[in-house]
Structure formats: structure tokens, C-alpha cells
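Close look at the chain arrangement
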Amino acid sequence: MLRVEDVEVRFGGVQALKGVSLEVPDGALVGLIGPNGAGKTTLFNVITGLEKPFRGRVLMGDQDVTSLPPHQRARRGLGRTFQRIEVFSSLTVHENVLAAAEARRSWGRDEPEPARSASELLERVGLGDVERERVDKLPTGLLRLVEVARALASRPRLLLLDEPGSGLSTHESEALGDLLVDLVRDGRSILLVEHDVELVMRVCQQIHVLDFGSIIATGTPDQVQRDPVVQAAYLGTSAA
Amino acid sequence: MTTFLALSITGLVVGCIYALTACGLVVTYTTSGVFNFAHGAIGMVAAFTYWQLSVGWGWPAPLAFLAVLLVLAPLLGAVVERVLIRPLYGAPIGVTLVATLGLLVTLLGVGFLVWPPDTTRVLPKFFEGHTVTVFSLVVDYNQLLVIVTSVVVAVGLRLFFSRTRLGIAMRAVVDDPELAALAGTKPERVSQLSWAMGASLAALAGVLLAPLQTLNVTELTLLVINGYAAAMAGRLRNLPATVAGALVIGVSSSLVLGYAGPQVVNYVRPAIPMILLFIAVLFLKQERLRAGSLAGLRMPRTTGLRQSVGVGVVFVVVAGFVSGQLSPAHLAIGSQGLVLAFVMLSLVLLSGYGGQVSLCQLTFAGLGAYAMGKTGGGALGLLAAIALPAAAGALVALTVVRLRGLFLALATLAFAQAMDQIFFNHALGYGGTLAIPRPRLPFVDTADDQVYFVLLAVVLALGSVGLLVLRRRAFGRRLIALNDSPAASATMGVSPVRTRLVVFTVSSAVAGLGGALLGGLHGSVSPNDFLLLNSCVLLLLATLGGLYTPTGAFLAAMSYALFPELQKLVPELGQVQFLLTGLGVLALGRNRYGVGGQLADAGEKLRALRLQRVGVARAAG
Amino acid sequence: MNALELIGLRAGYGSIEVLHGVSLVVPAATVVALLGPNGAGKSTLLKVASGTIATTDGCLHVGGVHVNGADAAALAQAGVCRIPEGRGIFPNLTVAENLRMWTGVGDLRPAEVAERTFGRFPRLGERRAQLAGTLSGGEQQMLAMSRSLVVDPAVLLLDEISMGLAPIIVAELYELVGTLAQQGIAILLVEQFAQTALAVADSAVILSQGRVTRTGTPAEVEEHLAAAYLGGAA
Ligand SMILES: Nc1ncnc2c1ncn2[C@@H]1O[C@H](COP(=O)(O)OP(=O)(O)OP(=O)(O)O)[C@@H](O)[C@H]1O
Ligand SMILES: [Mg+2]
């Protein structure tokens, strides 16, 4: 579904990504973890086209999308959420999601009833009750769910989630995990960045660990959790 | 060689004054996020006050100088911050722009009122008669003073803003006043201080500039525009780049004007600052990083389709009825209001819904009128009146579409001014006029003023309903979404560039059509009808009326059209016109969505009351 | 003595009341965990306690002094330090300039502030000239948290400090919270991950729909958590 090849990003003197390659197979839920400042969000920005890589390629399916602008990539089935929340703060919760469904319709995809699908999605992520609220009244945790619903409204085939679980309570985060598993079962692929290790370990089939702009480990949750390098860099000893 | 040196020195001095003004602009912008259009006006008032104290009342010059710089100007700045700026914290850029535009108008008025232009006022140069000779070139002390002061101020400011806690705090409170308070700093006090400082810098530039020419209210006020390009060169934050930009602009324009022939000078000179500004804006890239605030705009509730169509029909019927009752003079006023309201609809779409602030709507209106006049009216004329401005709008949009907020506003400002100077003066001739026919329609005679009045009402109603429909549908939501978060919009498949382009083009077309109808109303247009200043007034009024509702646009336009009439009744009104503007702008602090927003709020309350009553009735029954 | 005390406190935004009479004490040298579902009013409570939002009724005492109506800057000077949720930095200032802002309270010199911060978060030391708004999410959170290290507060109000931080850093931070409490600081801790918070807390409070529904030792409160979260989610 997605292949990232040898991506390098520089900010002035800082090398935020130093030749990262990874793959998200069709229908897989892949985790991307790593210490703060490792370059996870930067990689998301490169994949979605918000950041130009200094070197390297991004492929969706077998098409090279490295030179496409963000909205073209979105139309090819790429959706994402943001770590620093980017909701449409003048709109209601429902309108936020509706805007995405309508956008999808405007680029010629079949979307017979955007308003209904928006409501259904909100129900699905557990925001049915606050549908009519203005979005700037919601606590941060729920805003992340609004972002998830909005991303889903474009019906992406690949979904990039940047810390969707932060700010959620234990219960909400469990529900989110179930939702992710559901989505993958429906045939979607997901790349998940998250510091809630429990959540990541529970739902992901494969995990990449990024540190200082390089992948330092790849494997199943078990393998990664037992890897001493990962423990030292990220998990700490207690979490093992 | 001596000519070259002499020109360079003159240019350097002028450049230094640009640098001072530009630094003042940068200071206010970095410390409050507001681009202060009234910066020059503050300098003007300071220069006149200085004249009043030193020449008028005979105070010793140094005393007057200090009094203006250290007492009066900071006081003015602090008051402005308190009454005008503080209530607008977090308001959209269009609203704060309008607030300072209003301040500009008010101060201009004060200037004219207190120092009527019928006497000539001249200030002696500082250190009159003292000169030094550098490389066989005589430089007077006044020039030296300007250069030295600018250097000291620029370096001092730079150190102040990067090294001192207070300077850093001034920059911090714009980002997040709440956090500043948590860190133990009183944000209101700091902002007030920074406005005082900005005003003091404006005063310094004004007082230094004043002895170089005869005092003139308008000229001193608008001179600051030359500083805009320099401020842009430093992206409104970088002081050294700002100063460098100012010096380059000063010296190069002095050289060009010195060596070029008089024709070029007359023709190009007024446009130079704007052309430079446009170029500077085009090379801009970075914007301010978004502070963490997630508060959105609270746009007034939009009315439903049926309701707005109903209101539109009633509006037209009433207009039809009223048209029969009005005297020709009143009919003309009413028509003027209707057509202006239509032009303002272009602003509701572009700035209200789209969040893009434009200061060149009347330029597009002018293009519409021009196209109509040149094609001789008829269906073709109407088409041209829409197509030409739309094409121009698309062109402008293509070059500035990356820009948002303030930078877009400044680019449109430059465009408007350049068009004033170059196109309209040329196409219509200085002071010339172009006859504009009215559109011809089957069955009705548009030459009849009464019919034309009703026609305008119909056009306005159609435009308003169309706009409301647009707002309630997907496109309206997309505009608001794009304004709230371009990144998120792009990642859901919306092309930010195309969407902005479309809005800008449509809005230009609306303005163009309005311009053609306006021209038809009066029968002709002249270059003076589309001046940048008028565009600014249009934006100001539209914002006061409320940029988010057609009703607001209608009210604003009508009161504008009615003003001359009121003035006939109460002649003193002309004197206090500027004060009224000032008061209007102050009212923005109460409701930043203008009169339209206030009305919508009232409507909302009524509705809530009614619902309550229905609820009570149900509960009782 | 109670470093922070709320008595029957009411507050909200405009006409909407969020806290309907909350009473709560945080003694010196104690960590109190404030738990409850999303939207219960926890962040609002911290905002009231730090003076960002005014109280409409009830009493707010800091260090035994009645401080209703004092603004945020004054309370900060009086020793209250709140680290707001998610956005505790100035994005258009550099890291070093942000740290300079922290010197508004307390009596550390700028150099000492930098030293303490970079000692705890070396990552920030490498980024000192970078605009804070371009830092990674976690780096921003570290920078926000650094304020609590350098202003030597009497009362520390922490709103979801673990949000967006790597587990290894979270563990370090909570260790730090314990140390700070031992130094005598009264700490009120809001955290979505109840277990994390309860592990360091001396006592815990559940807030639900703007009211305190339970107070007790961490163990006592933990039993009632599930019910509070499920019941209060609506
Ligand atoms: N615009 C920028 N200019 C300079 N440095 C930047 C910029 N954007 C990111 N960086 C740096 O690049 C590095 C990677 O940042 P990124 O946001 O990708 O980290 P991350 O893995 O998402 O971390 P976290 O888990 O904390 O969110 C960080 O050290 C950050 O400071
Ligand atoms: Mg990140």
C-alpha cells in the first residue's frame, strides 16, 4: 500500500530523518514508535506531502507520489490526523466531518449522503452525543476523535494516525484500539504513531522503532518489546 | 560624482526615516500582531504637536521634543491600546486592520480640525546652520541627526527585543497572553507598554521628518506607506533586514529620480513604494507560527433558504413600492446605497466567509465599469464587466494566492495603488471621465431612474440570497474550513490554491458587476472613484456593518449613501465625520462581527425566548 | 497547613457553569490526583485555581490566604504554577527565549534556569536556538514542563503532563513529581491515565460533571473509577 524509500529531511543543520525506509502492506496495522523528536511526525509530513524530503521517495501502490501536492495524495486514498490538533474551530463537530465527506464528493467520488455518513462516523468513534456542539468547546482528548472521524470521512485506504490516543482516558483508549482493529478488518491500512505503548502493542501487527531519524528496530510487538536497544532508547525497563 | 554622492546622502537620510517608520511598524506587529495602518497618522499628530509646542507656543525645542516623544506619544499609544486594541484580542486580521484604519481616519480628522491647512507651518531644522564636510560634500547636522538616531534606534531595538526579559515578554504576549500571565507577567500591561513604544517611534519619525518639508496632514500620514515595503523586506519581524531594505529603497529611489527625466519621475514616482511593496510581498514566505489557541470564529447563524428567499422577495416588493414615493434626489441616494451594498457582497464572500482581506475591491469595480464603458453596454458589456475583473482577479490571485491574512491584504493594497496610478489615470485620463451606459433589458426602460432603482434592488436581493445559499452549502463550509486549517483541508483532498483562486475570482467578478452598475447609475466614472482610499473605506464600512452577513453589508452601504443627506440637515456632521468613524470602530470592540453580528445575536435571543415560550406552553398543555 | 484549598467553588465560561460547588484541599508536600471523565471540568478547576478563570462563588485559598479575584500573574507571583494542557510554550520564541520568560517568577538567573532545564532535558539543550513552535510535540511538552522546575512554586498544578511523551520520559517525569512533593510542594495532578497518576498520588479525587463525587486514598478511589468514567461519559 505504502512504501517509503530512503527519506532524508533536514532543517537547517538538523537531520530530522536520515534515510528512512519502511512499508505498510495492504490491510495491515503498522506501528511507528520512538522517543520524542525522533522524526515520526516529520515522516508523516513527508508521506502526506506537507514537507518536501531532501532525498528519497514515497510510493502509494506502485505509483511514485513524491512530487504530488497534499490534496492529490489525499484523493489517491491517503488520510491523516494531526498531533497538534488541526480541527476547523469555527464549525461544529458534525460540520467538521461533513466538510471532509463533502470534499470527497467534490472530487468526484461517490458519496450519496455526506451528512448521514458524517453522523454515522461520529457515532462510530463515540462522539454521537456531541455532534451539534461547536468543536472549540470540546476537551483535547475528544478533539482527537473528531480528527479520526474526519479522516475517515474521506474514506482513505491508508490512514496515518499521529498520537490519536493521547489525552484519552483508559476506557476511551481501549475503545479506540477496538475501532482501529475494526477498520483494518474492513480492509484499510493504518500507520499508527502513539506513545501509549499498551495500545500499540495490543493492536499492531508490526512495529518500527525510530530514533534520531533512523529506524533502529522492526518486528512484532513481542520482539520489539524485548529488544534491549528499544528498551534503552524508548520504553525504559519497567514497561518490558 | 558629487551629484551621485549628494543624491546618495539625500537618499540615505530619507531611507533612515523609512527605516524608523518601518521599525515602528515591526515593533507594533511583533508585539501585538496588529499591522498599524495609523502609524503614520500618529507620527503626523506628533509632528504637529511638536510644531504647536515649539513654534506655536514658543517652548524650547528640546523640551518640546522630549514632551512629545516621552510623554504625549506614549500616552496616545497606551490609550489606543486600551480602548481600541485590547477588546479585539484574537479577532480576525480583517477586523484589526479595520480598527487601525479607523484610527487613521480619526487622527486625520483631528489633524485637519486642530491644524487647519489654511496656514503654512514650517519647522526649523535641528541645529540650523551647522554643517560638516565629508568628501567635499556638505552634510548638515539635521541630516546627521537623522542618520545617527536611526542607527541607534535600530540597534537598540534589536538588543531590547532579543536580550531583555521585557522585550522578550512583549513578543511573548502576542503568542499566548494566558501563558504569559501564568509565567508571572501581566499581559495587558506589557501590550500597553509596547503600544506606547510603537507610538513613540512613530512620533520620532514624524518629528525628524517634519523639518524637511512643510507640514501637511495627509502627506505626513501617508508617508508611512513607503515604510511598508521595508517592513516587508524584514518579513515584519527581522529588524536588521527591515533597516537594510529601507536604506536600499531610500537610496535607490533617490538615485533613480535624480538621474531619470521629469516625465518618468512624474509618472513612476507615486507608484514606486507600491511596486516595491508588491515585489517584497511576492518574495515573502514564512508566516507566523500558529499559537495554540483553538478558539474559532463565531459567525452569525445563517438564515435558511426559505427564509432568505422570503426576505429577498419582500425586499424587492418594498423597493418597488418605495421607488414610487421617493424624490429623484432620494432615489439617487437609495440607488447608490443598493449598488454599494452589492459591491460589498464581494467582501462578504471574500473576507467574511473566505477570511481573505482585500483592499482592492474598488479596483475591480473600476475595471468592471471600464469594461462596460468601452464595450458600449448591452449584454456584451455586462459580460465584459464580469469577465475583465474576474480575469484580473484571477491574475492577482495567482501571484498572491500563497499569502494569507495581512500579507495578502498588503499585496492587494499595493495592487490597488499601482492600478490607481498607472492604469486608471492612463485609461481614463487624469481627471478625465468615461461614459458608462446602463445595461439594457427587454420590457423595461433602465434609463428611468425608478426602474433602475428596482433593478438594483433585484440584483442585490439575488446576490444576497445566492451568497447565503453558498454559505450554507458545501462550498461555504469548505471556505471556513480552509481558513481554519489549510493543512487539514489539504489532507482531505481540498486544493487550497484552487479554492482561494475561485473565491478571489468570483469576488472580483461580483465587484466588477457592481462597478458597472455603479457607473451606469451616475452615467460616468473618473479615476477618483476607485482610489485605494475608497477601497479602504469600503472595507471599513463593510466590517462595521458586519462582514459575515449580507444584511450588514446593506446597512453599511445605506448609511454611507445617506451620510451626505444627513450632512445637509446637520452641517456640523461634516466636521465630526471622522469622529463617527472612530466611534464606529470602537464599537467593533463590543461585537467584532459588526452590526450584522449584533442583529444576528438579537435574532438568536428572540428565537431562544420563543422556543422557551413554546416549551413552557407545551409543558403547561 | 493546606497550600491550596477550594471551598464550594463555582466557575464557568460566560453563562455556562462548569464547576458546581467544588471543595478540595491539597496540603503541602502532597500529591493529589484529580481524576474523572473527559469534560468533567478538571482543566477548568486548574484554571480557576491558577487565576485564569474567575470564580463566581465560593472561596479560593492559597497558603491560607483568601485570593478570590487575584489574576493569574498575581497568583503566579504568589507561588502557584500551572502547566497548561498541550500548549505551555510560546511558539514564536526560541527555546532559550521561552526559558527567559520563565524567569518572571522566582529568583533564578537566566543562566541557572537554562542549566537546570538542560540538565533535566538534554534534548532541549540541543535545540536552544530553535523556534519552540517547530519542536516535536514531546519536546514542546518538555519545554512547558521545565517551568515547574525553575520557578520554585508552592503549589503546582499539572494538566496532563504525560500527553505525547515517550514512556521513558513519563517515568522520569513522575519520579520528578515525587521528588518535588518531597521538597514540600503541593501538587494537584490531572491525568487521563488514572493508573499512572494513582501510582504517585497520596490521595485522589474524582470529579464528575463539575462535582466532587469521591475523595480518598488511591486504593479507595481506584475501585470507583470505572463507574465514574462510564457513568460520567455522557
Ligand atoms: N521546522 C523545523 N525546524 C527545525 N527543526 C525541526 C522542525 N520541525 C521539526 N524539527 C525537529 O525535527 C525533529 C523531529 O521532529 P518530529 O516532530 O518529527 O518528532 P516526533 O518523532 O514526532 O516527536 P514526538 O514524539 O515528540 O512528537 C525534532 O527534533 C524537531 O525539533
Ligand atoms: Mg510527533
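Here, the structure is the one placed above.
Residues numbered from 1 in each chain as written. Chains lettered and ligands numbered in written order. Predicted model: local features only at pLDDT ≥ 70, side-chain atom pairs only at ≥ 80, totals over all residues. Heavy atoms only, no water.

**Examining the pattern of salt bridges**
- Under the defined criterion, the tally for this structure stands at 28 salt bridges over all chains.
- For Glu102(A), the salt bridge goes to Arg477(B), with nearest N and O atoms at 2.5 Å. Within this pair, whereas Glu102(A) is found in helix 3 (residues 93–106), its partner Arg477(B) is found in helix 20 (residues 474–484), the two belonging to separate chains. Pair check on accessibility: Glu102(A) and Arg477(B) agree, each one buried.
- As a salt-bridge pair, Glu17(C) and Arg10(C) come within 2.9 Å of each other at their nearest N and O atoms.
- Judged by relative accessible area, which is 31%, Glu17(C) ranks as partly exposed.
- Salt bridges here are not isolated pairs; linked through shared partners, they connect Arg3(A), Glu5(A), Arg57(A) and Asp64(A). (Salt bridge = Lys/Arg side-chain N within 4 Å of Asp/Glu carboxyl O. Helix = DSSP H or I, 4+ residues; strand = E, 2+ residues; numbered from the N terminus. Buried < 20%, exposed > 50% of the residue type's maximum accessible area, 1.4 Å probe, protein only.)

**Points about the interface of chain C and chain A**
- The interface is formed by 28 residues belonging to chain C together with 31 residues belonging to chain A.
- Between chain C and chain A, a total of about 2200 Å² is buried, with carbon and sulfur atoms accounting for 55% of that surface.
- Linking chain C with chain A are zero salt bridges.
- Inspection of the chain C/chain A interface yields 10 residue pairs in polar contact (both at pLDDT 80 or more).
- For the side of chain C that touches chain A, the secondary-structure elements that each account for two or more residues are helix 6 (137–150), helix 7 (167–182), helix 8 (194–200) and helix 9 (218–232) of chain C.
- Considering each element in turn, the side of chain C that touches chain A owes the most residues, five residues, to helix 6 of chain C.
- Each residue belonging to the side of chain C that touches chain A can be placed in one class, and the counts come to 13 nonpolar, 10 polar and five charged. (Contact = heavy atoms within 4.5 Å. Buried area = accessible area lost by both parts, 1.4 Å probe. Polar contact = N/O pair within 3.5 Å; in protein donor to acceptor, adjacent residues only side chain to side chain. Nonpolar A, V, L, I, M, F, W, Y, C, P; charged D, E, K, R; others polar.)

**Observations concerning the site of ligand 1**
- Surveying the vicinity of ligand 1 reveals 21 residues, the closest of which are Lys40(A), Thr41(A), Thr42(A), Arg127(C) and Gly138(C).
- Between Gly137(C) and ligand 1, the recorded distance is 3.3 Å, taken from a backbone N or O atom to an oxygen atom.
- Taking Gly138(C), its main chain carries an N or O atom lying 2.6 Å from an oxygen atom of ligand 1.
- Alone, ligand 1 offers 640 Å² of accessible surface; in the complex the protein occludes 89% of this.
- Among the elements of the structure, helix 1 (40–48) of chain A together with helix 6 of chain C are those that each provide at least two residues to the shell around ligand 1.
- Residue composition of the shell around ligand 1, by class: four nonpolar, 12 polar and five charged. (Near = heavy atom within 4 Å. Areas by Shrake-Rupley, 256 points an atom, 1.4 Å probe, with all protein chains shown as cover.)

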